[in-house]
Each structure stands twice: as C-alpha cells, then as structure tokens.
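Examining the three-dimensional arrangement
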Amino acid sequence: MNNNNQKTILVVEDDQSLSHIIDLKLNSSGYRVLLAGDAEKAIEILSGQIPDLIWLDIYLPGMNGFEFLEKIRKNDETKNTKVVIISVSCSNKKLELAKRFDIADYFVKSNYGIDELVGLVTGVVNQV
Amino acid sequence: MTIIITLVDLFISLFVLVLSLFVLYEDPGKKVNRIFGITIFFFASWIVCSSLSDITGFWGSEFWALWFARASVIGPFIFCPLFVYFTYYFPREESNLSTGKIIGLFLPSLAGIAFFATDYNVASITLESWGTGFEPGLLYVWLLICLLSYFGYGFYRLIRNYRTVKIYHEKAQIFYVSIGAALFVLLGILANIVLPLYGISQYSVFAPAVAVLIFSSLTAYAIVAHHMMDIWLVMRMGTIFSLVFAIISFIYIGIMTLLTQYSGLSYVYSLILVSLIVTLTFEPLKKFIEKKSDRIFFHKHYNFDEVIEELTSAIHGISLDLNKILTVSNEIVRRNFKVRQATIAVLTPKDAFLLSAAGSAGEAIELPPDNPLVAFLNENRDFIVNREDILHGLDRGEIRMEVDRIDLVPRAYEEMVKLDFTLAIPISSGDKLIAIYFIGEKLSKDFFTYQDLRLLSHLTGEVGVMINNARLYEDLKKLDEAKSNFISVVSHQLRTPLSAIRWSTELLLDGSVDKDSEQEFLRDNYKNSLFIIYQLDDMLTALDLEDRRIDIKSEKCSLRPLIEEIAKENEVIIRAKKMEIIYSFPPKAESIFCDCKKIRKVIEILMRNAIRYTPDSGGRAEIVMREKIQGDEKLLEISVADNGIGISPKEEGYIFEKFFRGEEAKKISPNGFGLGLFIVRAFARAHGGEAHFESAGRNKGSRFYLTVRLNEAEAARIK
C-alpha cells in the first residue's frame, strides 16, 4: 500500500504486447502497475510488496495461474489479496476451480475492449 | 455261450474296421494311414473268417467251416509283412522302400498263401459244441516262423526308432504300438498255435481278437495323436457306429422273427413293417446313443457351441475396450481348455508384437518383426504353430517357406521353447497379422486335439475381429481428441494476439497514447498480424497435405547458408538459453536440387524444436549434414540432435502424426499445434526421401533425420 492512496495492481501476463497495453491504460487511469511475465516473477515481486489487486492470466509459461493462486493463498500475507482472473477462455470447470481460491471476478479478454475491462477491474479494486 | 463269443468277435472286427475307416478318413493322403487301414482290414478278415468258420460249423455245414478255417490263414500271412511295412512309415516316413524290396518283403508270405488251399493248411475240422475245432498243418509252422520273424524284425525297427527319435510324443507313439503288437503276437501265438497243439482251440479267435482290439486302438491313437486327435473321439465314433449297427440288426432280426413266428403276417408284410420301424427309429436311436456316450467319454470336456456363446456374450458389453477384451478372452480360454496360461500379443505401431505381462515371465515382452516366430507367422498366417508339431509341418507340406528361409522353422520352434508356450495362433485382419494368441500347455499335459484347435481357431477369429474394432475405435478417439485439442488450442493461441491488436488499436483510435508507445503498438500489431498469418499458414499447409499431392518446385538450393540463416533468426533465443550449437558439414557440399522453401521449412521446424525442447541451461544441439550411400543410391542426410526432453516409447509411433503433441512438449509449449513434424515428414516424402528419429527415451534427447535422394545429376553438382 502506498502512502498517497494510489492503488497498486500486479499484472501477471506473459504476452508482452498485451502487458504493455494494460500497463499504459492502468497508468493513465491512475494506478501503479507492477508487471510479471510469469508466475515465478510474480511470487518474487509479492515477497517484496503486497498489491491492492492481482490481475492474473491463467495460461502462463511454467507454473500456470491456478498453481500460482494455490501457492499465494497458502501464504498468510497474500491470503486475502484481491485477485481478478483475465483469461482467453472460461469454462465451468475453471470457474469452479477459481472459486475455490477465492477470486473477486473472472473476465474473458475477448469479450471486452481495453477501456471497458480496465473500468471493470478498477471497480473491483475500489470495492470494499 | 459260444455263439455269444462269436458274435462278440464279429462285433470287435466291425469296431476295428470302423476304426480303420476313421483313421483313413482322417487323412487319406497319408501313407501311414493307408497302410494302417489295410493292415486292420486283414486283421478283421482273419477274425471274420474264423468266426464264420465257427458259425457255419454250428449250422452244420462242414464244407464252409473247413474253407473258412483255411481262408482265415490269409489274413495273418499278409498282416505280418504289412506290420514291417508299417514301421517304415511310423511315426515318420523314412526313405521310400523300392518296389523290389517290397516284393521281397512279401515273398515269404505269398509263398505261404500259395498253399492255403492244400492240406498243409487245415487238413480237417471237427464240429464241436463250442464251434469248429481244427488241427493245424505244416503251414502253421511256416506261419509261426513268419509271425516271429516279421514281428521280430518289426519290433527291432520300432526299438531302433524309439532310440533315435527326439520328440517326446513320438516316443510315446512307438511305445503304444509296440505294446499293442507284442500283446497281439503273444496272445495270437498262444491261442492259435500253442493251445491247438494241445487240442484246445476254443480261444483261437477270442483271445487274439481282444488283442487286436487293443492293438488297433492303441495304434489308431498313436497315428491320430500325431495329428493331435483325441483318442476319445475315435472311441466314441467307433462305439456309436457299431452299437447303432448292432442294435438295428438286433431289432431287425428280433422283430422279423417275432412277426414271422407269432403273428399271421406273411413274410413280405413283416419285412415292410420292420423296415418302417427301423427307418423311423434310426435317427432318434443314434442321437440317444450319441448323448449317452458323450456323457461317458466327454464329461470333462467343453461344449463347442457353449464356449463360443460364452465368449461372445462376455465380450458384448465391453467390445470396444481392448484391455478388457484381452483379459476376458484369456480367462475363458484358460478355464475351458484347462491350460496353464493364455495371453495375446498385439501389434504395436512399430510393427512389433507386445506380449503383455502374463504367465511365467511377469514382464511385458516385445517381439520385433525380425523375431523368427513373428517372421514365420507373417509368412504363414493360417498355420497354428504347435510346438509339438511345427517341425513336421514342413514334411506334411502345410508350411509355405522358401528354400533359403527354411531355417526359420527350427528357429521359430526354439522361440516357442524360450517363451514357454505350446501354441501360437496367428490372428489376421485382411492380410495383415495383427495379433498372436499364445497358449501354454494343458494342465493335464495332454495334446491339443483337433477339436481343441478348431474351437481355438474360431475363438481367436472372433477375438481378432474385436481387437480390430477396438483398435479402430481407439484410433478414432485419439484423432477426435487431438482435433478437439487442436481447435481449442488454435482458439486460445489466436485470441491473445487478436486481443492485443484490438486493444492497441482501441487506444490508438482514442488518441490517448504517447508517440513512443504509438510506435511500439504499431510494431506489435505488425508482429502479431504476422504471427497469426504464419500459424494459419502452418495449419493450412497441414490441411493441404491431407488432400493434395505436394508440388515440388525443384531448384538449386544452397543448404549451408540456409541453415546459417535459420540459426541467425533464432540467435536471440539461442543466446538467452545459452545453448551450444555445433554444425558439421561435409567439406565439399555446395547445393542440391530441391524445393528450397519446403526444405527450409523442414530445417526450420527441426531447429525450432531442438531449441524449444531443450533445458534452459546446458542445452546442446548438433546439426549434421552428410552424404550416405544406400545400395546404389546416394542420399543426403541432415540431422538435428538435441539433449532435450526426448521421446518416450509410448509416444514413438505417434510423433509424426498430425496434431500429436508429446506430454513433455505440451508442458513446455502449451500452444503448439502439433503440426510441425507432420509437415516435416510430408515434405521429406514429397522429395522421395524420409524423416525419422532416434531417441533413447524421456529426457535423453533425440536426433531427427531428414534424408533426401541425390541422383547422379545432382551428385555431380556436389563437388
């Protein structure tokens, strides 16, 4: 948490084009952005600071999104961190799995424009 | 009392005749069967003549009694040399006897027969209450000498064969025949020559007839067991036929007598009535006797139809599950045939036969296509290999084998011994061998009978069809799975770059992007568009390969710079992974004629795989180009080796298939299409070449080969 009420979002996304776009948009919306290209990097970042929200992709190289979730939920510090899943697809199975790890919401990338998506995600951040 | 004995004698001779007919019918082509048939005929004729002598004597006809008594000596004179002749064909045919030798063999007997009509034979007979008595003349001395010499020589030959024969059941056969013959000779001499000298000729026919019965049965069993037929089957046939015949005759005679004697009916009407009765009762009577004798002879055997029924209904519910089919049919075979083990070896994608863990070994064994047994079965797909018998198959002309491959037969035999199975039954689909049913020995150590083999043949045929169906189903399922996987993978893969293009364009249209980011977005959009285009190109190439012939545009192609170019394109990632790449080119190789773009694609894919599927540090790849001579062809071989994830034996057969991704490969690169190697092989083959690989196993690296032909014209260009 930052001093000046600026919220921090950790974006875990392996596609560089996408993460750049997300970074830009979140920044211009007034959020501080931490980028991680894979789950391992994200865990490294989390050991140093706890963000207000984690923007999580599922399909990551190496450890996938669900494995990452499982890991951080076991950690006291990140047990209650808000997580939003942004992935290319969804299914009942994935939803079930996600709910087990207590996520705030699940969005499918191709359903939204970037503006809309960022709006929804920041809505989650600002929820109590 | 004596009439009963005589009738029993006649019954025995009838039974024995039926036996001989049966043995003859079993294989009329075999010389040993024919000789046996004829020998038995003369045995029977001897018993019949003697019995008729008794009967006609009983009816008071001295003339016929005498002549039948005399005629009865012909049989023994002929079956003595026949016995010797028989030993030349039993248990296996030896070199043919020349006609001269055969004549020489029969000469002493023929000399004896010449005197049959004289007083040296039976000089006179006496009609006793028990039958016809006779005094043996000098001819009987000659007969005794012949009997002893011929049978002595025959025994000598049998014993010699016994010593030299190597196969267990042949030894047994010789033993049976010897015992039977010895018994016969002893009883024959006793009852027909010794006792009559003391004036006791009642047993002249009875005792030896019993011996004939024993001898014939044992010999029939011995001959026929050579063809693996069950003695009980033989006995059953003989009994049924004789019994039916005897009972019918009895009924006929009995009813005729009753009718003509006690009713008023005339002879003709009685005849008609009895004929009607016989016709109507024949079939049910035969069936009744068959059932009863089945109960006696076959109570511990299976019922043919029931077993087939059992198999089909057991398989019915699980007909598409290969493993279940194998387990169930093995269990049924084991139980019904009472064998130690039964197991099926199924064809793997590599054309080897996988013998699943069963029986003694406990470990799965793979039989490669060059295994002698497999090679043998591939050439003789309707031949049931019986370890006891395979070496005879050649003699009997049942095995088709080229002269220079004859050694396959004993090697196949040794393989059966090594695997410890008795039967190997080939199962084919169309003209391809798809499975081998291995069956161990019977718990009772009996031979496998014709009945057994016929049933097994049917059973394995059914199982073969089921295996085929299950396989096809499995293949279809895999293909379907792969296609579904492909579709979902393609969707995922394309969604990411498309989202990137969509969102960046959205921001660009918004005008909310700074100059630097604007450039970056435009560059990324360009890259992503290209990526989508290339992936779809791969996909379409692969789809095309299915339907159309591939066009090869041949041109001069410098491979070395091509490879270096590809390496340069992958420079960044090679450096990032700290990979070591070694190149090995022949000193003089310049260029070849081929479709440059396609060959480039192939090398690109192979190198891309080598880079992708090696560890993140310590990865090594080696690219070797060299000339190979195969027969009278010059080939160019390009190989790409790595020390990466390798290929497991289970995956080996599928590697080049469309959509196939190995498990480890999926972990490393989840978005691959599984089309790369498919394209590689298709392009290689379009050039008249081939793609193949070697891998020591999971995580033990792999080496992929591309081999293309260089004909003379091309070879000349390689300086």
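Cut-off values and rules
Residues numbered from 1 in each chain as written. Chains lettered and ligands numbered in written order. Predicted model: local features only at pLDDT ≥ 70, side-chain atom pairs only at ≥ 80, totals over all residues. Heavy atoms only, no water. Pairing = 2+ DSSP bridges. Helix = DSSP H or I, 4+ residues; strand = E, 2+ residues; numbered from the N terminus. Axes fitted to C-alpha atoms, helices over the stretch in contact; angles between N-to-C directions. Contact = heavy atoms within 4.5 Å. Disulfide = S-S within 2.5 Å. Buried < 20%, exposed > 50% of the residue type's maximum accessible area, 1.4 Å probe, protein only. Buried area = accessible area lost by both parts, 1.4 Å probe. Salt bridge = Lys/Arg side-chain N within 4 Å of Asp/Glu carboxyl O. Polar contact = N/O pair within 3.5 Å; in protein donor to acceptor, adjacent residues only side chain to side chain. Core = buried A, V, L, I, M, F, W, Y, C linked by side-chain atoms within 4.5 Å. Expected span 1.5 Å × (residues − 1). Arc of directions from axis to C-beta. Parallel < 35°, antiparallel > 145°, perpendicular 65-115°, else oblique. Left-handed = near helix turned anticlockwise from the far one by under 90°. Nonpolar A, V, L, I, M, F, W, Y, C, P; charged D, E, K, R; others polar. pLDDT = per-residue confidence, 0-100.

**Structural notes on the sheet that holds strand E2 (residues 32-36) of chain A**
Residue and element names in this part refer to chain A. The strand order across the open sheet built from five strands is E2-E1-E3-E4-E5, with neighbouring strands paired in parallel fashion. The sheet is open, and its two borders are formed by E2 and strand E5 (105-108), each paired with just one other strand. Neighbour to neighbour, the strand axes of the sheet diverge by 20° on average, direction disregarded. In the packing of helix H2 (residues 39-48) onto the sheet, the strands contacted are strand E1 (8-12), E2 and strand E3 (53-56), and the crossing angle to E2 comes to about 135°.

**Quick look at the state of the cysteines**
Working definition of a disulfide: a covalent bond connecting the sulfur atoms of two cysteines. All names here are of chain B. Under the definition given, this model contains one disulfide over all chains. Paired by a disulfide, Cys557 and Cys596 hold their sulfur atoms 1.9 Å apart. One disulfide, between Cys557 and Cys596, carries an S-S torsion of 75° and so falls in the right-handed class. One end of the pair, Cys557, is in strand E9 (residues 555-558); the other, Cys596, is in helix H20 (residues 596-612), and 39 residues separate them in sequence. Cys596 shares its class with Cys557; the two are buried. Free cysteine: Cys146, not disulfide-bonded; nearest cysteine sulfur from Cys80 at 6.5 Å. Using a relative accessible area of 4% as the deciding quantity, one classes Cys146 as buried.

**Points about the interface of chain A and chain B**
Taken together, the contact pairs 20 residues of chain A with 18 residues of chain B. Between chain A and chain B lies a buried interface of about 1,800 Å² when both sides are counted; carbon and sulfur atoms form 62% of it. Between chain A and chain B we count zero salt bridges in total. If you look at where chain A meets chain B, you find eight residue pairs in polar contact (both at pLDDT 80 or more). When contributions to the side of chain A that touches chain B are tallied by element, the ones reaching two or more residues are helix H1 (16-28) and helix H5 (114-126) of chain A. Sorting elements by how many residues they give to the side of chain A that touches chain B places H1(A) first, with seven residues.

**Considerations on the nonpolar core**
Looking at soluble globular proteins, one finds that nonpolar side chains tend to be buried together. All names here are of chain B. Core analysis: the biggest nonpolar cluster contains 57 residues, and Phe79, Phe151 and Phe184 have the highest contact counts within it. For this core, the secondary structure elements donating two or more residues are helix H1 (2-26), helix H2 (31-58), helix H3 (62-71), helix H4 (74-87), helix H5 (99-114), helix H6 (138-164), helix H7 (168-197) and helix H8 (203-226). When near neighbours in sequence (up to four residues on either side) are disregarded, Phe79 contacts Thr39, Phe42, Phe43, Trp46, Phe151 and Phe184. In terms of nonpolar packing, the next biggest core, distinct from the first, is built from 54 residues, Ala482, Leu562, Cys594 and Ala610 among them.

**Remarks on the pairing of strand E15 (residues 702-710) of chain B**
Residues and elements named next belong to chain B. Most of E15 is tucked away, with seven of its nine residues classed as buried. Sheet topology note: the strand E14 (residues 690-695)/E15 ladder contains six bridges and is antiparallel. Its bridge partner lying in E15, Ser695 is registered against Ser702. Connecting E14 to the antiparallel partner E15 that follows it, the hairpin turn spans six residues, and Gly697 within it adopts a positive phi of roughly 130°.

**Describing the sheet that holds strand E13 (residues 633-642) of chain B**
All names here are of chain B. On the basis of which strands lie adjacent, the open sheet formed by five strands has the order E10-E12-E13-E15-E14 and mixed pairing. The sheet is open, and its two edges are formed by strand E10 (580-584) and E14, each paired on a single side. This sheet shows a mean twist of 20° between the axes of neighbouring strands, independent of strand direction. Pairing analysis gives 10 bridges linking strand E12 (residues 620-630) to E13, with the strands arranged antiparallel. Residue pairing across strands places Lys628 opposite Leu635, the latter belonging to E13. Contacts from helix H22 (residues 676-686) reach E14 and E15 within the one sheet, and its direction differs from that of E14 by about 130°.

**Quick look at helix H12 (residues 322-337) of chain B**
Residue and element names in this part refer to chain B. Between its first and last C-alpha, H12 extends 22 Å over 16 residues, near the 22 Å set by a 1.5 Å rise per residue. The set of residues buried in H12 consists of Leu322, Ile325, Leu326, Ser329, Asn330, Ile332, Val333, Asn336 and Phe337. In a view along the axis of H12, the buried residues occupy a sector of 165°, so they form one face of it. Facing away from the buried side of H12 by more than 90 degrees, the exposed set consists of Asn323 and Thr327. A positive backbone phi angle near 55° is found at Lys338, which sits one or two residues after H12.

**Observations concerning the packing of helix H18 (residues 559-569) of chain B against H20(B)**
Residue and element names in this part refer to chain B. Orientation of H18 relative to H20, taken along the N-to-C sense of each, is 45°, at an axis distance of 10 Å. Here H18 is positioned oblique relative to H20, judged by the angle of their axes. For the pair H18 and H20, the crossing hand works out as right-handed. Together, Leu559, Leu562, Ile563, Glu565, Ile566, Ala567 and Glu569 of H18 and Cys596, Ile599, Arg600, Ile603, Glu604 and Met607 of H20 make up the contact between the two elements. Of the residues belonging to the contact of H18 with H20, the class tally is nine nonpolar, no polar and four charged.

**Some words on the confidence of the model for chain B**
Residue and element names in this part refer to chain B. With 86% of its residues at a pLDDT of 70 or more, chain B shows a mean pLDDT of 79. Mean pLDDT across the secondary structure elements of chain B bottoms out at helix H23 (residues 712-717), with 46, and peaks at E14, with 94. Long-range and interchain partners of residues 715-719, a stretch whose pLDDT sits below 50, account for 13 contacts in this model, where long-range means more than four residues apart. For this predicted complex, the interface confidence reaches an ipTM of 0.91, while the overall pTM sits at 0.45.

**A short note on the pattern of salt bridges**
A complete count under the given rule lists 27 salt bridges over all chains for this structure. Close ionic contact of A:Lys109 with A:Asp57 constitutes a salt bridge, the shortest N to O distance being 3.6 Å. In this pair, A:Lys109 is assigned in the loop between E5 and H5 and A:Asp57 in the loop between E3 and helix H3 (65-74), connecting sequence segments 52 residues apart. Residue A:Asp57 is classed as buried on the basis of its relative accessible area of 2%. With a closest N to O distance of 3.1 Å, B:Glu690 and B:Arg685 form a salt bridge. By relative accessible area, which is 44% here, B:Arg685 ends up partly exposed. Among the charged side chains, a salt-bridge network with shared partners connects B:Arg340, B:Arg387, B:Asp420 and B:Glu441.

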